[in-house]
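Listed here are the chains, written in short residue letters.
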Amino acid sequence: MTEVLVLTQCFRQKDDEQFFGALNEIRFGQVSDKTIDYFMTRCFEKDENLNSKYTRLFFRNIEVDVYNNQKMETIKQEGYWFYAKDVIKNRNIPCTFQIPAAVYLKIGAIVMLVRNINVEEGLCNGTIGTIILIENNAVWVMMNKKEVKIECVKEEILDCSHAVVGSRFGLPLKLAFSFTVHKAQGSTMNKAVVQFNLKAFINSLYYVSLSRVCNINDIFIIINNKFDLRTLFKSITVDSDVLEFYKKYM
């Protein structure tokens, strides 16, 4: 027998009930004019005047790469390439690795772990830190207020029979001055700048992008014309099966 458990208590926005209520309207695809006006107070046409240390969220990887490369160019430090080594046993099965094939790093760069290293210590996929030292085959990163040595690790791809079809040995880090909204799922951020100038390819990403922070004042929406936000929010729809689920269990 299947038992359904519905989580109803909010922790991330527990101290900002108005923000939580506005986010729920987006989540259910029933955004009121009052809520739209509420979010319009957080709209900005450009982000040049916003703190450069705030994480930028984009809807596509190409925008993330462009922004990260621009930020790297502003760091006046020597850069180092780290190249991964691949072993592919079956060329007929595509291997998509989390560890990048190559990553260019500098002291001062913001990076993100892409593999679980030590979950008990909080060194897991998605953890963000700043590079403080670069060695030949490793880097030291300030993560969770600790100096952590990140070395190359092995990642394996298995087929349906759990046989290894490919592996990659490399540094489990990627640049994280910005990252995709999809990658940000589950993360809580102090501040976030969300680029709405490009339409999200999945409606649910609007909710994800805006709900990464705890308070409405910690979100910054970049959009060319803030009045376009009204049309955007009114166009958000929710799958009928999802709505039926909530009607039944909430």
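Residues numbered from 1 in each chain as written. Predicted model: local features only at pLDDT ≥ 70, side-chain atom pairs only at ≥ 80, totals over all residues. Heavy atoms only, no water.

- As recorded in an unreviewed UniProt entry, the chain goes by the name ATP-dependent DNA helicase pif1-like, listed as coming from Hydra vulgaris.

## Description of the side chain of glutamate 155
1) Next: Mapped onto the secondary structure, glutamate 155 falls in strand S10 (residues 153–158).
2) Next: Separated by 3.0 Å, the side chain of glutamate 155 and the backbone nitrogen of isoleucine 99 make a polar contact.
3) Next: Not counting residues up to four positions away in its chain, the partners in contact with glutamate 155 are Thr96, Phe97, Gln98, Ile99, Arg115, Gly166, Ser167 and Arg168. (Helix = DSSP H or I, 4+ residues; strand = E, 2+ residues; numbered from the N terminus. Polar contact = N/O pair within 3.5 Å; in protein donor to acceptor, adjacent residues only side chain to side chain. Contact = heavy atoms within 4.5 Å.)

## With respect to the state of the cysteines
1) Next: A full pass over the atoms with the stated rule returns zero disulfides.
2) Next: The structure places no disulfide on cysteine 160, whose sulfur is separated from the nearest cysteine sulfur, that of cysteine 95, by 13 Å. (Disulfide = S-S within 2.5 Å.)

## A look at the sheet that holds strand S9 (residues 146–151)
Where strands meet in a sheet, backbone hydrogen bonds hold them as pairs that are either parallel or antiparallel.
1) Next: Taken together, the five strands give an open sheet; going across it, the order is S9-S8-S7-S6-S12, and neighbouring strands pair in antiparallel fashion. Strands with a single pairing partner mark the edges of an open sheet, and in this sheet they are S9 and strand S12 (173–175). Averaged over neighbouring strand pairs, the angle between their axes works out to 45 degrees when direction is ignored.
2) Next: The sheet contact formed by strand S7 (residues 128–134) and strand S8 (residues 138–143) spans five bridges and is antiparallel. Residue pairing for S8: leucine 133 is matched across the bridge by tryptophan 140. (Pairing = 2+ DSSP bridges. Axes fitted to C-alpha atoms, helices over the stretch in contact; angles between N-to-C directions.)

## Digging into the pattern of salt bridges
When their charged atoms lie close together, side chains carrying opposite charge are able to pair.
1) Next: Inspection of every chain in the model, using the stated rule, returns twelve salt bridges.
2) Next: Linking aspartate 33 and lysine 234 is a salt bridge whose minimum nitrogen-to-oxygen distance equals 3.4 Å. Within this pair, whereas aspartate 33 is found in helix H2 (residues 33–40), its partner lysine 234 is found in helix H6 (residues 228–234), the two being separated by 201 residues in sequence.
3) Next: Here the salt bridges do not stand alone but share partners, grouping Asp33, Asp37, Arg230 and Lys234 into one network. (Salt bridge = Lys/Arg side-chain N within 4 Å of Asp/Glu carboxyl O.)

## Here's the deal with the UniProt feature "domain: DNA helicase Pif1-like 2B" (unreviewed entry) in the chain
1) Next: When the UniProt feature table is mapped to this numbering, "domain: DNA helicase Pif1-like 2B" (unreviewed entry) covers residues 104–132.
2) Next: With 0% helix and 38% strand, residues 104–132 has its two end C-alpha atoms placed 14 Å apart. (UniProt positions renumbered as here; feature names shortened; annotations may be inferred.)

## What about the side chain of glutamine 13?
1) Next: If you trace the backbone, glutamine 13 turns up in the segment before helix H1 (17–27).
2) Next: A polar atom in the side chain of glutamine 13 sits 2.8 Å from the backbone oxygen of valine 213.
3) Next: Leave out the neighbours within four places in its chain, and glutamine 13 touches Phe19, Phe20, Leu23, Ser211, Val213 and Cys214.

## Some words on the environment of phenylalanine 227
1) Next: Mapped onto the elements, phenylalanine 227 comes out in the loop between strand S15 (219–222) and H6.
2) Next: A C-alpha to C-alpha distance of 43 Å links phenylalanine 227 and isoleucine 132, two positions 95 residues apart in sequence.

## Describing the packing of aromatic side chains
1) Next: Taken as a whole and judged by the stated rule, the model has eleven aromatic pairs.
2) Next: With a centroid separation of 5.6 Å and an interplanar angle of 65 degrees, the aromatic rings of tyrosine 38 and phenylalanine 39 are classed as edge-to-face.
3) Next: The exposure class assigned to tyrosine 38 is buried, which follows from its relative accessible area of 14%.
4) Next: Linked through ring pairs, Phe19, Tyr38, Phe39 and Phe233 together constitute an aromatic cluster.
5) Next: In this arrangement the basic side chain of arginine 42 is found over the ring face of phenylalanine 220, its NZ or CZ atom lying 4.9 Å from the centre. (Phe/Tyr/Trp six-rings, centres within 6.5 Å; stacked < 30°, edge-to-face > 60°. Buried < 20%, exposed > 50% of the residue type's maximum accessible area, 1.4 Å probe, protein only. Lys NZ or Arg CZ within 6 Å of the ring centre and 35° of its normal.)

## A closer look at the pairing of S7
1) Next: Taken together, the three bridges between strand S6 (residues 110–113) and S7 define a ladder with antiparallel strand orientation. Among the inter-strand pairings, methionine 112 is bridged to a residue of S7, identified as isoleucine 128.
2) Next: With antiparallel pairing between neighbouring strands as the criterion, S7 and S8 make up a hairpin whose turn holds three residues.

## Thoughts on the sheet that holds strand S4 (residues 85–88)
1) Next: The three strands lie next to each other as S4-S11-S10, forming an open sheet whose pairing is antiparallel. The sheet terminates laterally at S4 and S10, the two strands that pair on one side only. Adjacent strand axes in the sheet meet at a mean angle of 15 degrees, parallel and antiparallel pairs treated alike.
2) Next: Taken together, the four bridges between S4 and strand S11 (residues 164–170) define a ladder with antiparallel strand orientation. In the sheet register, isoleucine 88 faces S11, and the bridge partner there is glycine 166.

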